[in-house]
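Architecture and fold: a report
The residues making up each chain are set out below.
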Amino acid sequence: MPKVGEELRAAAHRLAQAGCHAPRREAAGLWARLSGGTVGEVWLEQDREAPEGRRTRYWDAVERRARGEPAAYAAGRAGFRWLELTIDPRVLIPRPETEGLVERVLGHGGSGSALDVGTGSGCIALSLATEGGFSRVVATDASNAALDVARANAARLAPRVAVEFRHGDLLEPVSGETFDAIVSNPPYVAAEEFEALDDGVRLYEPREALVSPEGGLQHSRRLLEGAAPLLAPGGLLALEVDSTRAEATLRLAREAGWRGARLESDLFGRLRYLLATKE
Ligand SMILES: C[S@@+](CC[C@H](N)C(=O)[O-])C[C@H]1O[C@@H](n2cnc3c(N)ncnc32)[C@H](O)[C@@H]1O
């Protein structure tokens, strides 16, 4: 049976031929995604035999990556905070900055009930359910296909978490209910910006997960206008925003009556989070 190291070298060669910029790192990264470990652990495993089933899945992922598919879709896996999520092009690949959004919500208290609007893979809702002290988490999405992925990710968690998934437009599926936290990473890319995105995003990720009308602001505006009646007093509204439109989103928040709304930066110093508390 071939060794892990031989597979990695052959895969790096294939990825280099396909024009990948960091073929050795990509080869190890794909193996790590499939084995559920880290790239460091993969380097330590090089002298181990590579199991047949893993090799088959690995070469399928390598070929897909060589054709330009993002690594997370090629391997079908993405890590988010403590979670290992199964993903495919029905959902956005969870981004590291969204982990910071979850951090803000957990930091606010992380208890009572929480709503995640536009759940995609379920990354935010499932993180809140597993890491927070929430007694109730509801997740919505306008895409039934995305909800299928999120439900499957929830079903794989052990111990089980009770997250309710609902289909519909933004806050409509929870009309009349109240939450202690409402969180969303809504679509916030302007249509013309979408056309200029990297092929890996533009050709594989769901357009409806990224693009928002009104220059990227429509979903955020509607959430800011509709969230207050659904929040308990003292409850937190936490939105991920495009750093280039953070100030514009803050203005929309003030217009919608969120007097104490503020922006916070991600680890790279980019304004990424809009936080507002119900008075
Ligand atoms: C930027 S993605 C975020 C996905 C996931 N929460 C994450 O952070 O990776 C936006 C999500 O909102 C959903 N969405 C788009 N328009 C929506 C709408 N009008 N109502 C509810 N969900 C919507 C998309 O299907 C997509 O799953």
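Residues numbered from 1 in each chain as written. Predicted model: local features only at pLDDT ≥ 70, side-chain atom pairs only at ≥ 80, totals over all residues.

1. Digging into the site of the ligand
- In the vicinity of the ligand, 22 residues are found, and the nearest of them are Gly118, Gly120, Ala142, Asn185 and Ala209.
- Where the shell around the ligand is concerned, the elements lending two or more residues are helix H7 (123-131), strand E4 (133-141) and helix H11 (207-210).
- Per-class residue counts for the shell around the ligand are 11 nonpolar, 8 polar and 3 charged. (Near = placed C-beta within 6 Å. Helix = DSSP H or I, 4+ residues; strand = E, 2+ residues; numbered from the N terminus. Nonpolar A, V, L, I, M, F, W, Y, C, P; charged D, E, K, R; others polar.)

2. Considerations on the pairing of strand E1 (residues 77-80)
- Residues Ala78 and Phe80 line the buried face of E1, whereas the alternating positions Arg77 and Gly79 sit on a face that is not buried.
- Taking the residues between adjacent antiparallel strands as the criterion, E1 and strand E2 (residues 83-86) are bridged by 2 residues, where Arg81 takes a positive phi near 50°. (Buried ≥ 20, exposed ≤ 12 C-beta atoms within 10 Å, placed from the backbone. Pairing = 2+ DSSP bridges.)

3. Details of the packing of helix H13 (residues 218-226) against helix H14 (residues 246-255)
- Running from amino to carboxyl end, H13 crosses H14 at an angle of 25°, the nearest separation of the two axes being 9 Å. One way to sum up the angle between H13 and H14 is to call them roughly parallel. For the crossing formed where H13 meets H14, the hand is right-handed. Note on element contacts: H14 touches H13 through Thr249, Leu252 and Ala253, opposite Ser220, Arg221 and Leu224.
- Counted by class, the contact of H13 with H14 contains 3 nonpolar, 2 polar and 1 charged residues. (Axes fitted to C-alpha atoms, helices over the stretch in contact; angles between N-to-C directions. Parallel < 35°, antiparallel > 145°, perpendicular 65-115°, else oblique. Left-handed = near helix turned anticlockwise from the far one by under 90°. Contact = placed C-beta atoms within 7 Å.)

4. As for unusual backbone geometry
- Omega for the peptide link from Ala158 to Pro159 comes to -5°, which places this bond in the cis form.
- The phi angle at Leu170 is positive, at roughly 40°, despite the residue not being glycine.
- Along the chain, Leu170 turns up in the loop between strand E5 (163-167) and strand E6 (179-184).
- For Leu170, a count of 18 C-beta atoms within 10 Å gives the class partly exposed.
- A positive phi angle is found at Glu214, which is not glycine, with a value near 55°.
- Within the secondary structure, Glu214 sits in helix H12 (residues 213-216).

5. Some remarks on the nonpolar core
- Counting 77 residues, the largest nonpolar core has Leu30, Trp31, Val105, Ala114, Leu128, Val137 and Ala238 as the members making the most contacts within it.
- Both domain 1 (4-75) and domain 2 (80-277) contribute no fewer than three residues apiece to this core.
- Excluding its chain neighbours within four sequence positions, the residues that come into contact with Ala114 are Val105, Leu128, Gly132, Phe134, Val137, Phe179, Asp180, Ala181 and Val183. (Core = buried A, V, L, I, M, F, W, Y, C linked by C-beta atoms within 7 Å. Domains from an automatic or database assignment.)

6. A look at helix H6 (residues 96-107)
- Here H6 spans 17 Å end to end across 12 residues, near enough to the 16 Å set by a 1.5 Å rise per residue.
- All buried positions along H6 are accounted for by Thr98, Leu101, Val102 and Val105. Viewed end-on, H6 has its buried residues packed into an arc of 95°, placing them on one side of the element. Seen from the buried face of H6, the exposed residues on the opposite side, beyond 90 degrees, are Pro96 and Gly107.
- Structurally, H6 contributes buried residues whose contacts are with strand E3 (111-117), H7, E6, strand E7 (231-240) and strand E9 (271-277).
- The first or second residue beyond H6 is Gly109, which carries a positive phi of 145°. (Expected span 1.5 Å × (residues − 1). Arc of directions from axis to C-beta.)

7. A word on the pairing of E6
- E6 sits mainly inside the fold: 6 of its 6 residues count as buried.
- Where E6 meets E7, 5 bridges bridge the pair, whose relative direction is parallel. Bridging from a neighbouring strand, Val183 pairs with Ala238 of E7.

8. Focus on the domain arrangement of the protein chain
- By the assigned domains, the protein chain splits into domain 1 (4-75) and domain 2 (80-277).
- Between the C-alpha centres of domain 1 and domain 2 there is a distance of 31 Å.
- Listed per partner, the contact involves 6 residues of domain 1 and 8 residues of domain 2.
- Taken together, the residues of the side of domain 1 that touches domain 2 sort by class into 3 nonpolar, 2 polar and 1 charged.

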